[in-house]
Amino acid sequence: MTRPVNIVIAVITLLIGYELLGASYPYFVMVSYGESEFRLGWVVQALGFAFAIGFANIQNDILDLESDKMNRPERPLVTGKVSVKAARRAWIAMLALMLFCGLLNAILQNLGTIVIQIDKLNVVYNSDKVLNGFVAAISPLWFFVLLGALLIAYNRWLKHIPLIKNMTVAILCTTPLFFALLYFYSFLHPFPENFVSGIFPAIGFAFLLTLAREIYKDLEDETGDLKAGIMTFPLIAGAATARRLAGAIVFFTWISLPIPVFFLGMQPLFLYITAITLTPCFAYVLYQAHKKNYRRAQTAVKIGMFLGLIALLASL
């Protein structure tokens, strides 16, 4: 119910965001033990996104129980493996844990860089920086509060508005990149504008492909959504129109690939990599959509998104 694959994708996207910004990890907390060290900042952030995805999907499964009986009969609530009462408790607990991760990350930021050295029984705490500005110091908490509010709004209201629901999911899928950008701007570098050329294409790339994928998902779920009374873009505009729109978004993404090279200073290697990998990937997406194999089209779009992010990383 928590969609572990989506959690892994979000965590990887968060780390890719830091890599694109030239900051592999947020350096706020480091634990040293002997010669080894472990950085905790990004772990707290990753857990925050994991709990966010978990609570949102469980709540969504509760609200979509009737349509899932047709579209997703294998899901635990439909099969009876998990009760609605237990699922409700689970999403509330995960929402609380998400907010706690945001609060913990804000506390760690406010303390600055903390080095904990463990040598037998001796523990030494060394804080070398205190941030000024209350709002800046608690920005991770505000981020997760707003993320939680948007997820609840989507589950309860926005997903019933055609296209708005698709765009909302696309925005939500870019939030790990936005979080990395927020963190970087606020704390990791005194001149962040010199380092953001890689992440803006990544945000646009992820948004467009997620939007196309969501339209393909609605096409796949057409029958169940109709019986459950859920109005989606394919049901209102017609399957052919929705399929053409998703295909147009994929095609627009493909023809936009030179933009990072010609206008944002990305290395030409980006074009070479994407020409070899994304051209056949996008062609496969369009082919499967034409054949009405929408699940395969969705999977190929996901693969294409990560191929593009990897190409951006390789071209920095």
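Calculation rules
- Residues numbered from 1 in each chain as written.
- Predicted model: local features only at pLDDT ≥ 70, side-chain atom pairs only at ≥ 80, totals over all residues.
- Heavy atoms only, no water.
- Helix = DSSP H or I, 4+ residues; strand = E, 2+ residues; numbered from the N terminus.
- Contact = heavy atoms within 4.5 Å.
- Core = buried A, V, L, I, M, F, W, Y, C linked by side-chain atoms within 4.5 Å.
- Buried < 20%, exposed > 50% of the residue type's maximum accessible area, 1.4 Å probe, protein only.
- Axes fitted to C-alpha atoms, helices over the stretch in contact; angles between N-to-C directions.
- Parallel < 35°, antiparallel > 145°, perpendicular 65-115°, else oblique.
- Left-handed = near helix turned anticlockwise from the far one by under 90°.
- Nonpolar A, V, L, I, M, F, W, Y, C, P; charged D, E, K, R; others polar.
- Salt bridge = Lys/Arg side-chain N within 4 Å of Asp/Glu carboxyl O.
- pLDDT = per-residue confidence, 0-100.

S.K.: Pulling in residues and values, what's your account of the side chain of Asn57?
M.R.: For Asn57, the location among the structural elements is in helix H2 (residues 41-63). Leaving out residues up to four positions away in the same chain, Asn57 has contacts with Met1, Thr2 and Arg3.

S.K.: An account of the nonpolar core is needed here, citing residue identities and associated values.
M.R.: Judged by nonpolar contacts, the single largest core of 65 residues is most densely connected at Leu147, Phe179 and Tyr216. By residue number, the principal contributor to this core is helix H10 (residues 199-220), which donates 11 residues. Ile7, Ala10, Val11 and Trp42 belong to the second largest nonpolar core, which has seven residues in total.

S.K.: Describe in detail the packing of H10 against helix H13 (residues 239-255), supporting the description with residues and values.
M.R.: Between H10 and H13, whose axes approach to 9 Å, the crossing angle comes to 160°. In terms of orientation, H10 lies roughly antiparallel with respect to H13. In terms of crossing hand, the pair formed by H10 and H13 is left-handed. Of the residues in H13, those in contact with Phe205, Leu208, Leu209, Leu211, Ala212, Ile215, Tyr216 and Leu219 of H10 are Ala239, Ala242, Arg243, Leu245, Ala246, Gly247, Ile249, Val250, Phe252 and Thr253. Among the residues making up the contact of H10 with H13, the classes are represented as 15 nonpolar, two polar and one charged.

S.K.: Lay out unusual backbone geometry with the relevant residues and their values.
M.R.: Phi at Arg3 takes a positive value of approximately 60°, unusual for a residue other than glycine. One non-glycine residue, Lys292, lies in positive phi territory at about 65°. Position of Lys292 relative to the elements: it lies in the loop between helix H15 (269-290) and helix H16 (294-314).

S.K.: A description of the pattern of salt bridges should follow, citing residues and the corresponding values.
M.R.: Following the criterion strictly, the structure yields 11 salt bridges and no others. Of the charged contacts, one joins Lys165 and Asp218 as a salt bridge, the two residues approaching to 3.0 Å between their closest N and O atoms. Here Lys165 is found in helix H8 (residues 164-173), whereas its partner Asp218 is found in helix H10, with 53 residues between them in sequence. Residue classification places Lys165 among the buried residues on the basis of a relative accessible area of 8%. In this structure, the salt-bridge partner of Glu220 is Arg295, at a minimum N-O distance of 2.7 Å. Highlighted residues: Glu220 in helix H10 and Arg295 in helix H16, separated in sequence by 75 residues. Overall, Arg295 belongs to the partly exposed group, its relative accessible area being 48%.

S.K.: Describe the confidence of the model for the protein, listing the residues and the values that go with them.
M.R.: Chain-level pLDDT for the protein is 84 on average; 82% of the residues reach the 70-or-more range. When mean pLDDT is compared element by element in the protein, H13 scores highest at 97, while strand E4 (residues 122-127) scores lowest at 40. Contacts from residues 25-29, a stretch scored under 50 in pLDDT, to residues over four places away or in other chains number 26 contacts. Note that residues 113-135 has pLDDT below 50 and, in this model, 39 contacts with residues that lie over four places away or in other chains.

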